[in-house]
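Take a look at the letters that make up each chain.
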Amino acid sequence: MKVCMISLHFLFDSLMTDRSDGPIGRLPEHLLVEIFTHLPVCEWVQVACVNKQWANIFQGDCLWQTAIARNWPSAGLRKRWPGPIPRGSARRRFQALYVSENFVPSGGEIDELVGHTYLYLKEQLERPAMPPSSILHGTIIDQFIACGKTGEQAHDLASKIWLAVIDSLEENEQTFLLLKRLAREGEFFLPFPYSRSYKVLWRVFDKLFTDFRDCFSGADYHDALSTAKSRFQPVPSTWLGH
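Since this is a predicted model, take the numbers as computed values, not measurements.

## A short note on the packing of aromatic side chains
- By the definition in use, this model includes 25 aromatic pairs.
- Seen in terms of ring centroids, Trp 72 and Phe 94 are 5.3 Å apart; in terms of plane orientation they differ by 65°. Their pairing is edge-to-face. Residue Trp 72 is found in the loop between α5 (61-71) and α6 (90-102), and its partner Phe 94 is found in helix α6; the two are separated by 22 residues along the sequence. Here Trp 72 matches Phe 94 in class, with each residue buried.
- Pairwise contacts between aromatic rings join Phe 36, Trp 44, Trp 54, Phe 58, Trp 64, Trp 72, Phe 94, Tyr 98, Phe 103 and Tyr 118 into one cluster.
- A cation sits over an aromatic face here: Arg 213 above Tyr 221, 4.2 Å from the ring centre.

## Regarding the environment of Leu 157
- Structurally, the position occupied by Leu 157 is in helix α9 (residues 151-168).
- Here the alpha-carbon distance between Leu 157 and Val 104, two residues 53 residues apart in the chain, equals 8.9 Å.
- In this structure, Leu 157 is in contact with Val 114, Phe 144 and Lys 149, ignoring residues within four places of it in sequence.

## Let's talk about the pattern of salt bridges
- This model, assessed by the stated rule, comprises 12 salt bridges.
- When the shortest N-O distance is used, the salt bridge between Asp 156 and Lys 160 registers 3.5 Å. Here Asp 156 pairs with Lys 160, and both are found in helix α9, just four residues apart, close to one helical turn.
- Residue Asp 156 is classed as partly exposed on the basis of its relative accessible area of 40%.
- With its nearest N and O atoms 3.6 Å apart, the salt bridge here joins Asp 220 to Arg 184. A residue pair is termed long-range when its members are at least 10 positions apart, and Asp 220 in helix α12 (residues 218-231) and Arg 184 in helix α10 (residues 173-184) qualify at 36 residues.
- Given a relative accessible area of 53%, Arg 184 falls into the exposed group.
- Three or more residues joined by partner-sharing salt bridges are found here, namely Arg 87, Arg 93 and Glu 112.

## Re the environment of Asn 51
- Considering the arrangement of structural elements, one finds Asn 51 in the loop between α3 (44-48) and α4 (52-59).
- Among the polar contacts listed, one links the side chain of Asn 51 to the backbone nitrogen of Trp 54, at a separation of 2.8 Å.

## Topic: the nonpolar core
- Core analysis: the largest hydrophobic core is formed by 47 residues, its most contacted members being Trp 162 and Phe 209.
- The set of elements that each furnish at least two residues to this core consists of α6, α7 (112-125), α8 (133-146), α9, α10, α11 (198-211) and α12.
- By residue number, the principal contributor to this core is α9, which donates nine residues.
- Setting aside its immediate chain neighbours within four residues, Trp 162 contacts Leu 121, Leu 125, Ser 133, Leu 136, His 137, Ile 140, Leu 182 and Val 200.
- Counting 22 residues, the second largest nonpolar core, distinct from the first, contains Ala 48, Val 50, Phe 58 and Trp 72.

Rules and cut-offs
- Residues numbered from 1 in each chain as written.
- Predicted model: local features only at pLDDT ≥ 70, side-chain atom pairs only at ≥ 80, totals over all residues.
- Heavy atoms only, no water.
- Phe/Tyr/Trp six-rings, centres within 6.5 Å; stacked < 30°, edge-to-face > 60°.
- Helix = DSSP H or I, 4+ residues; strand = E, 2+ residues; numbered from the N terminus.
- Buried < 20%, exposed > 50% of the residue type's maximum accessible area, 1.4 Å probe, protein only.
- Lys NZ or Arg CZ within 6 Å of the ring centre and 35° of its normal.
- Contact = heavy atoms within 4.5 Å.
- Salt bridge = Lys/Arg side-chain N within 4 Å of Asp/Glu carboxyl O.
- Polar contact = N/O pair within 3.5 Å; in protein donor to acceptor, adjacent residues only side chain to side chain.
- Core = buried A, V, L, I, M, F, W, Y, C linked by side-chain atoms within 4.5 Å.

And the structure:
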């Protein structure tokens, strides 16, 4: 493993030094794809910025199809699922599979739909005109049930995805405003599994009062704390600033 990591670092350094006018830059595209897909994913953005040709390779489908086949060889055998959350391009599929493997705990099982749902929810939460969270939650639940999950399984998966997305948000003003909105949304008396998870709402308030405490004005903080006290008893002392 150590030798392999050294080789990958050497390969990356060679690519960044070689650029497009050296021997590596003159290789045919299918060999460049093979080289790129052997690099750690964290290096891909930097490699794609080297020149226009390499950027075009990362914009096309061939590299992503190759990466999917190498990392998840059985992914191509799975049928398309019904419902509102599509598979998308090969790049999108790679992102979904990568998310399912690395960001959403699923007991070791790689589920492409989980990754696509994560991407869908993250994009919806970042929209200026975000739909109500109850609508987003219901869409996710319906998608999993349409794919054969039980209500309990759908609710559990949806909760894990909500938690993973909330934890992935950057600490900026947009996230602060989003969390305030989620905290203020009223409770809807919906039947299980369409009822939203207690754990998700707890995480929303916990991030507000720990990561974004200094962003509150005095009045906003007391309003948010009052809402939290109406839903959770007792509230943690950290939310009170003690």
